[in-house]
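Structural overview for review
This is what each chain is made of:
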Amino acid sequence: MASEDSGSSGRREGAPGAPTRHPVNWQDPDFYHEEALFRELDRVFDICHGCRRCFSLCNAFPLLFDAIDETASGEPAGLDRQTVYWDVVDQCYLCDMCFMTKCPYVPPHEWQVDVPHLMLRAKAVKHKAGKSRARDKLLTSTDWVGRLAGIPVVAGVVNAANRSRPGRALLDQCLGVHPAAHLPDYHSRTLSKRLAGHQSDHSARASAETRGRVVLFGTCYGNYNEPQLGEDLLAVFEHNGIPVQVMAHRHCCGMPKLELGDLDAVRQAMEHNIPVLAQYVDQEWDVVAPVPSCVLMFKQELPLLFPADPRVAKVRDAFFDPFEYLALRHRRGLLNTDFKRALGSVAYHVPCHLRVQNIGLKTRDILALVPGTRIEVIERCSGHDGTYGVKREYHDTAMKIGRPVVGRVKKAQARHYSSDCPMAGHQIAQGLNDGSAPVHPLTLLRQAYAL
């Protein structure tokens, strides 16, 4: 393995300076050459095995380290690439936490380690080779599934099947969806239907960082599964004098397909969403979304996949997490702090895809403004991670990853537990298994305003 104290003019371990992200060269044919991919996996896995700082983040790293340790040589060269390497890749759900919080060898260090984007490349190679499972293609087709399951007659059948033992056994047998994994309800009265034709009677009041009016990118989950999140966001923002308009004809942000490695599908989603959102930005609108993964897609992943597209950069610069937006408004004295109800104690889980945005704990900061409210912050992975936690082969591991979060929530004995990621909230509820339910931070804030 390369020596950790080798001389370099690049970034040394422990040196100051923010990590640097390079664009993903996914449109280069060499990106998909399996042997070139394996050579880079050899190099990076050798470095990771000698470091091991990421062993507690997910199951990919322990799986890799144990496999290497069990070889006769104790080196990656002793591994069966076609089994171990692909197993490690499948265990990675692109949370980005190793790059952002643990790895001392990320760019500008000379070793140029970027495990999440290396795993993305591997997933793309696998998908391009036609090795993605039909189950995984279906689970990541969130708009198609949402439209089908949202048909009024179908929604009732789907929701009933998701709650019944025979229905879950069928899903397990046919699709490999774990029978104990939480599955969300589907609504025929989607967010786009609920807010169709909505017109705000507020006038925009801009600040140094915000235009003071926002387009709501409702997200697939927020549209089909929990449309009340968008309603809560609208109520809170308009109570603060921020006009809200719902983006019509929204497509999936592309994050589920990114995690599958289907970069052509990501491009198709981008080509639909970005021109529409860029036009809104040109008309002096900002953009918000209630799910951190979708925000991260527009703020980080799409700009790295399409670095030469000025429209992508334009949307990136106008895209905000909801509580980030409210915190910026509060900094300029534009947040309504006339709260009517105390929230009491709140065990607040920070999702990985919010942490890696490097915006700080804005949700905590805003909720803490409510009198009679105490926030306990939990910064660990819930283990849900998009589709990972519902798959038969990974569900038990996902619950194990989330066990420390569940333990912290139990210990807090708070009045509410909450996460910006609604799926993470339900993962915590499943770990608690006490009949309680999570309350989204936007819902908590709406309650505090008594709206």
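Computed from a predicted structure; not experimentally measured.

Conventions and cut-offs
- Residues numbered from 1 in each chain as written.
- Predicted model: local features only at pLDDT ≥ 70, side-chain atom pairs only at ≥ 80, totals over all residues.
- Heavy atoms only, no water.
- Helix = DSSP H or I, 4+ residues; strand = E, 2+ residues; numbered from the N terminus.
- Buried < 20%, exposed > 50% of the residue type's maximum accessible area, 1.4 Å probe, protein only.
- Salt bridge = Lys/Arg side-chain N within 4 Å of Asp/Glu carboxyl O.
- Phe/Tyr/Trp six-rings, centres within 6.5 Å; stacked < 30°, edge-to-face > 60°.
- Lys NZ or Arg CZ within 6 Å of the ring centre and 35° of its normal.
- Pairing = 2+ DSSP bridges.

Right, let's talk about the environment of Pro 307 for a bit. Here Pro 307 is to be found in the loop between α15 (292-305) and α16 (310-318). Its relative accessible area of 54% is what places Pro 307 among the exposed residues. Sequence separation between Pro 307 and His 22 is 285 residues; the distance between their C-alpha atoms is 9.5 Å.

This next bit is on the pattern of salt bridges. Counted according to the given criterion, the structure contains 30 salt bridges. Linking Arg 21 and Asp 114 is a salt bridge whose minimum nitrogen-to-oxygen distance equals 2.7 Å. Of the two residues, Arg 21 sits in the segment before α1 (34-51) while Asp 114 sits in the loop between α4 (97-102) and α5 (115-128), which places them 93 residues apart along the sequence. Judged by relative accessible area, which is 14%, Asp 114 ranks as buried. Among the salt bridges present, the one from Asp 136 reaches Lys 391, with a minimum N-O distance of 3.4 Å. Of the two residues, Asp 136 is situated in helix α6 (residues 134-139) and Lys 391 in the loop between β6 (373-378) and α20 (395-412); the sequence distance between them amounts to 255 residues.

Another aspect to go through is the packing of aromatic side chains. The description of an aromatic ring pair uses the distance of the two centres, along with the angle that the planes make with each other. With the rule as written, the count across this model stands at 15 aromatic pairs. In this structure an aromatic cluster arises from ring pairing among Phe 38, Phe 45, Tyr 85 and Trp 86. The ring centre of Phe 31 lies 5.5 Å from the NZ or CZ of Arg 121, which sits over that ring.

With that settled, consider the pairing of strand β5 (residues 344-349). Counting buried residues in β5 gives five out of six residues, a clear majority hidden from the surface. In terms of strand pairing, β5 meets β6 through six bridges, oriented parallel. Paired with Ala 347 across the strands is Glu 376, a residue of β6. Note that β5 and strand β7 (residues 416-419) share four bridges and pair parallel. Directly across from His 349, in β7, lies its bridge partner Ser 419.

Read across the sheet, four strands follow the order β2-β1-β3-β4 without closing on themselves; strand pairing throughout is parallel. Of all strands in the sheet, those with a lone pairing partner are β2 (244-246) and β4 (319-320), marking the two edges. Relative to β4, strand β3 (residues 286-288) is paired through two bridges, and the arrangement is parallel. Among the inter-strand pairings, Val 288 is bridged to a residue of β4, identified as Phe 320.

It is worth spelling out unusual backbone geometry at this point. The residue after Pro 107, namely Pro 108, is reached through a cis peptide bond having omega 15°. Its place among the elements puts Pro 108 in the loop between α4 and α5. Phi at Arg 52 takes a positive value of approximately 70°, unusual for a residue other than glycine. One can find Arg 52 in the loop between α1 and α2 (60-69). Of the residues examined, Arg 52 reaches a relative accessible area of 31% and is grouped as partly exposed. For Gln 413, which is not a glycine, the phi torsion comes out positive at approximately 45°.

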